[in-house]
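Analysis of the macromolecular model
Residues per chain, in single letters:
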Amino acid sequence: MYDASRAIDLSTLLEHSDRLLRRLVTGRGHLRRCGGDGVAAMWPVLEDTQGRRLRVTPWLPMDDFSPRLAGPGGRHPRGLRDFFGHDVLLTGVLERDADGELVLVAKRAQVVRELHLRRLDAAQLAAVSGVGGEGTVGYGALAGELIIDGGDQLRLVTADRGGPCEVSFTLDVLRRDDLVLGRPIHVHGLIRKATPWLGAIRRAAVALGVPTS
């Protein structure tokens, strides 16, 4: 089993790619097909909640292994297609191809068995940013304004600031000098809506402006 605490989120891996080049790393992200036409379209890419991508070399056959390779009890090794559409921990060596593009030469992977690690769609994000969406958990970006509740605790207010129907989310980041309170901002991360009015965002990445998608 992987130690998830040692996995590097894709955004961090890409940001520090020069230092991690030709090193064995474990990245965390959502595994998708490249899309398009031809054989390359079947190659996997590791993607984060902000749409950043890293091409990954296949480490298993695309389909299930031949029944001749079945183990005890008829259990088959997994094929690559079983990993598509899931959040994964993926270990490999970070390299650059002939065109200078980053690629992760994959060695092994593990599906993250957490139901909350899904990307929220536009309707779900709209629900959680207002009064509602109780119990919703998943990745996405919310727009709002930052406030501070004593000390360095930051909250993102997404609706009716200061009113009876205020909706806000606590963030797992400390106050930063480069963040200006009261300005439009958006936060990417793992969103948990505990009640119709209160939630939290883990692995929060804060940026000025509003989400572009």
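The following paragraphs examine the structure supplied in this document. Please read all numbers here as calculations on a predicted model, not as lab measurements.

Regarding the overall build of the chain
Counting secondary structure elements, the chain contains three helices and 11 strands. Along the chain, helices (α) and strands (β) appear in the sequence β-α-α-β-β-β-β-β-α-β-β-β-β-β when read from the amino end. Relative to its 213 residues, the chain shows a buried fraction of 40%. In the chain, the share of contacts with a sequence separation of at least 24, taken over all contacts with a separation of at least 6, comes to 52%. As displayed, the chain offers around 11700 Å² of accessible surface, 52% of which is attributable to carbon and sulfur atoms.

As for the nonpolar core
In terms of nonpolar packing, the biggest core is built from 21 residues, with W59, L90 and L94 touching the most fellow members. Put simply, the parts of the chain that give this core at least two residues each are α1 (10-15), β2 (24-33), β4 (53-56), β5 (87-96) and β6 (102-111). Per element, the largest residue contribution to this core is five residues, and it comes from β6. L94 has contacts with L13, S17, L20, L21, R22, R23, L54, L102, V103 and L104, leaving out every residue within four places of it along the chain.

With respect to the side chain of K193
Here K193 is to be found in strand β10 (residues 185-193). Summary of buried charges: K193 has no salt-bridge partner, and the nearest side chain of opposite charge, E134, is 8.5 Å away. Side-chain polar atoms of K193 contact the backbone oxygen of P196, separated by 3.1 Å. Dropping the residues within four chain positions of it, K193 is found in contact with A127, V128, G130, G132, G133, E134, G135, T136, V167, F169, L198 and G199.

Structural notes on the packing of aromatic side chains
Scanning all chains against the criterion turns up one aromatic pair. Aromatic pair W59 and F83: ring centres 5.3 Å apart, planes at 70 degrees, arrangement edge-to-face. Pair noted here: W59 is in the loop between β4 and β5 and F83 is in the loop between β4 and β5, with a separation of 24 residues, a long-range link. The exposure class of F83 is buried, given its relative accessible area of 4%.

Re the pairing of β2
With seven of 10 residues buried, β2 lies mostly within the body of the structure. By the bridge criterion, two bridges tie strand β1 (residues 8-9) to β2 in an arrangement that is parallel. Within β2, the residue paired with I8 across the bridge is G27. Pairing analysis gives four bridges linking β2 to strand β3 (residues 44-47), with the strands arranged antiparallel. Across the sheet, residue L31 finds its bridge partner in β3, namely L46.

Some thoughts on the environment of A123
Locating A123 in the fold gives a position in helix α3 (residues 122-129). The exposure class of A123 is exposed, given its relative accessible area of 58%.

Remarks on the environment of R119
If you trace the backbone, R119 turns up in the loop between β6 and α3. Its relative accessible area of 38% is what places R119 among the partly exposed residues. C-alpha separation for the pair R119 and G140, spaced 21 residues apart in sequence, amounts to 6.0 Å.

Conventions we followed
- Residues numbered from 1 in each chain as written.
- Predicted model: local features only at pLDDT ≥ 70, side-chain atom pairs only at ≥ 80, totals over all residues.
- Heavy atoms only, no water.
- Helix = DSSP H or I, 4+ residues; strand = E, 2+ residues; numbered from the N terminus.
- Buried < 20%, exposed > 50% of the residue type's maximum accessible area, 1.4 Å probe, protein only.
- Contact = heavy atoms within 4.5 Å.
- Areas by Shrake-Rupley, 256 points an atom, 1.4 Å probe, with all protein chains shown as cover.
- Core = buried A, V, L, I, M, F, W, Y, C linked by side-chain atoms within 4.5 Å.
- Lys, Arg positive; Asp, Glu negative; His and termini not counted.
- Salt bridge = Lys/Arg side-chain N within 4 Å of Asp/Glu carboxyl O.
- Polar contact = N/O pair within 3.5 Å; in protein donor to acceptor, adjacent residues only side chain to side chain.
- Phe/Tyr/Trp six-rings, centres within 6.5 Å; stacked < 30°, edge-to-face > 60°.
- Pairing = 2+ DSSP bridges.

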